[in-house]
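Fold and geometry: a report
Chain by chain, the residues run as shown.
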Amino acid sequence: MEKPRLSFWQIWNMSFGFFGIQFGWGLQLGNMSAIYEKLGADPDRIPFLWLAAPMTGLVVQPIIGAMSDRTWNRLGRRRPYFLVGAILASAALFIMPDSSTLWMAAGLLWILDASINVSMEPFRAFVADKLPEEQRTAGFVMQSFFIGLGATFAGALPFLFSRWGIVGTTESGIPLTVKYAFQIGAVVFLLAVLWTVATTNEYPPEDMAEFERRRREKRGVAAYFSEIFSAMREMPPTMRQLAVVQFFTWLGLFSMWLFYVPAVARHVFGATDARSPAYTQGQEWGNLTFSIYSITCFAIAFVLPKLARAMGRRAVHALALLCGAAGLYSVYFISDPWLLMLSMVGVGIAWASILSLPYAILAGALPPARMGVYMGIFNFFIVIPEILQALTFGPLIRATFGADNPNTPLYMVIFGATCLVAAALCVVRVKEVPARIPATAVLQADETEPLTLPEAAQPVPSTGLVDGGTDLRER
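The next point concerns the overall build of the chain. Broken down by element type, the chain carries 19 helices and zero strands. Expressed as a percentage of its 475 residues, the buried residues of the chain come to 61%. Long-range pairs, those at least 24 residues apart, make up 81% of the contacts in the chain between residues at least 6 apart in sequence. Just so you have it, the chain exposes about 18400 Å², and 66% of that area is on carbon and sulfur atoms.

Structure below.
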């Protein structure tokens, strides 16, 4: 099927749901560790309290991808999953800040994280479904833009509420600034996904009879697991190499998300008690600086394709990861809260690249008919580092730093920086799948106009960048 080019606003509409998804995810990542501490958790127990969510995601992500590959109804293929996930995630967000016990908060995080994945994973395949090859990079970059924008609002909202005079806490000690931010986030999440569902249609399968035949053959949970295991055995080499990059990248990111805000409160604001005013100030400031990395993300997102054309995607991604590492290393030397803004600029550069370039490299190596399941499997290498942290970091922290060491969060941020350096070194091993086009054909640098080639020489799925593509045998 030859897909029509979409306008800027059509790509905007189909990606707008990511604004709500990231709003919810940003609230979760920026506040849950502090909420756990408010409810009485020791720092070394925090990784364990995040365990249920990634364990669920390890199963949910590929199954949702496989199911969406074989779904077709009035809402389409991917949109039913956007909608169901948004409803469940919004409910969990709304209730979360009223948690009265540690385990209630952990259970709601479990539901929230699983529901966000139900909405988010099909969005990656949605880009490949809707956009012609020369616009795929624009689609992934637009998602990065909305991810940065959503996270910016999520990080800034509790701080702004505090400056607007909102004070007080819930009965369990959670600040009202956080409570109101979560409840606004629940509404934004649902409305943003509804906008994408209402404004964007999906293309039906080209051969509906064959699609229905394959769907009948793949009924039941066992069939989906069979499809997942088959896809893993046949994983393209480029995806295997990117998996190592993703593993170290997300090990570093989760270390930052779990420990950066507590590190700011303790190291920069000098808080010793999680219930003290200084800790609350540090928490609010840490979340505000998180908004800086998100602002940086959406500010530079549209620059990445041009840089990648000039330098190559692997080089740009490696340099971006090193910028993120430098930003996290700098936290160790900072005592002035304002300088944390500069630290988060480096993280924002890395974040913009993490959200787009690995997927742009990956897309050209995947068979279109299995796009959903492979996008789900690719996220194993986001979830597995989180599970590894939850299972091992508590004992390692106690053995290395001691159970009551106030500098533990800071040391874990430094560990995250080191993981980003390892990811940057692994990027050079990734071998991209080149597009097989005639040597006489020259790709235009301006991606706003499609390249016209003889019919026999039309490139097969590529990322829209000069060195992206996939093998002709996958047609």
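One finds Tyr36, Trp257, Tyr260 and Trp351 to be the most contacted residues of the largest nonpolar core, which totals 133 residues. Sort the elements by how many residues they give to this core and helix α11 (residues 237-268) lands first, with 17 residues. Discounting chain neighbours no more than four positions away, the residues touching Tyr260 are Ser255, Gly286, Thr289, Phe290, Val331, Leu340, Met344 and Val413. Among the nonpolar cores identified, the runner-up in size contains five residues, and Ala265, Ala271, Ala274 and Tyr279 belong to it.

Attention now moves to a nonpolar patch on the surface. A surface patch of nonpolar side chains, about 400 Å² in accessible area, is lined by Val303, Leu307, Met311, Leu319 and Leu322. Looking at the nonpolar patch, the elements that each hand over two or more residues are α13 (304-311) and α14 (313-330). Summarising the element assignment, Val303 is placed in the loop between α12 (277-300) and α13.

We now examine the pattern of salt bridges. Counted according to the given criterion, the structure contains five salt bridges. Ionic pairing is found between Arg266 and Glu37, a salt bridge with its closest N-O pair at 3.0 Å. Separated by 229 residues along the polypeptide, Arg266 in helix α11 and Glu37 in helix α2 (residues 17-38) bring together distant segments of the chain. Considered together, Arg266 and Glu37 belong to a single accessibility category, that of buried residues. Put simply, Asp69 and Arg78 hold a salt bridge, and the shortest N to O gap is 3.1 Å. The burial state of Asp69 is the same as that of Arg78; both residues are buried.

This part takes up the packing of α11 against α12. The packing of two helices is summarised by the inter-axis angle and the distance between the axes. Running from N to C, α11 and α12 point in directions that differ by 130°, and their axes come no closer than 7 Å. Comparing the axis directions of α11 and α12 gives the class oblique. The crossing of α11 and α12 is right-handed. Between α11 and α12, the residues in contact are Met256, Trp257, Tyr260, Val261, Pro262, Val264, Ala265 and Arg266 and Tyr279, Gly282, Gln283, Trp285, Gly286, Asn287, Thr289, Phe290 and Tyr293, respectively.

Quick look at helix α15 (residues 340-354) now. Helix length check: α15 (15 residues) gives 21 Å between terminal C-alpha atoms against 21 Å at 1.5 Å per residue, within 8%. Of all 15 residues making up α15, twelve are buried, and the element is well covered by its neighbours. Looking only at α15, the buried set comprises Leu340, Met341, Ser343, Met344, Gly346, Val347, Gly348, Ala350, Trp351, Ala352, Ser353 and Ile354.

Looking now at the environment of Ala320. Position of Ala320 among the secondary structure elements: in helix α14. Relative accessible area serves as the criterion here: at 4%, Ala320 is assigned to the buried category. On a C-alpha basis, the gap between Ala320 and Ile349 in space is 5.6 Å, while along the polypeptide they are 29 residues apart.

Right, let's talk about helix α17 (residues 371-378) for a bit. For α17, the tally of buried residues reaches eight of eight residues, placing the bulk of the element in the interior. Buried residues of α17: Met371, Gly372, Val373, Tyr374, Met375, Gly376, Ile377 and Phe378, and no others.

What follows deals with the packing of aromatic side chains. Applying the stated criterion to the full structure yields 30 aromatic pairs. Consider the rings of Phe8 and Trp12, whose centres lie 6.0 Å apart with planes at 40°: the pair is tilted. Highlighted residues: Phe8 and Trp12, both in helix α1 (residues 8-15), separated by four residues, approximately one helical turn. Over the ring of Tyr203 we find Lys130; its NZ or CZ atom is 4.5 Å from the centre of that ring.

Time to look at the environment of Asn379. For Asn379, the location among the structural elements is in the loop between α17 and α18 (380-400). What makes Asn379 buried here is its relative accessible area of 4%. As for Asn379 and Gln61, which are separated by 318 residues in sequence, their C-alpha atoms are 7.1 Å apart. Filtering out sequence-adjacent residues up to four positions away, Asn379 remains in contact with Gln61, Glu121 and Tyr359. A polar side-chain atom of Asn379 sits 2.7 Å from the main-chain carbonyl oxygen of Met375.

Procedures and definitions
- Residues numbered from 1 in each chain as written.
- Predicted model: local features only at pLDDT ≥ 70, side-chain atom pairs only at ≥ 80, totals over all residues.
- Heavy atoms only, no water.
- Helix = DSSP H or I, 4+ residues; strand = E, 2+ residues; numbered from the N terminus.
- Buried < 20%, exposed > 50% of the residue type's maximum accessible area, 1.4 Å probe, protein only.
- Contact = heavy atoms within 4.5 Å.
- Areas by Shrake-Rupley, 256 points an atom, 1.4 Å probe, with all protein chains shown as cover.
- Core = buried A, V, L, I, M, F, W, Y, C linked by side-chain atoms within 4.5 Å.
- Patch = residues over 30% accessible without salt bridge, like charges linked within 9 Å, V, L, I, M, F, W, Y side chains within 5 Å.
- Salt bridge = Lys/Arg side-chain N within 4 Å of Asp/Glu carboxyl O.
- Axes fitted to C-alpha atoms, helices over the stretch in contact; angles between N-to-C directions.
- Parallel < 35°, antiparallel > 145°, perpendicular 65-115°, else oblique.
- Left-handed = near helix turned anticlockwise from the far one by under 90°.
- Expected span 1.5 Å × (residues − 1).
- Phe/Tyr/Trp six-rings, centres within 6.5 Å; stacked < 30°, edge-to-face > 60°.
- Lys NZ or Arg CZ within 6 Å of the ring centre and 35° of its normal.
- Polar contact = N/O pair within 3.5 Å; in protein donor to acceptor, adjacent residues only side chain to side chain.

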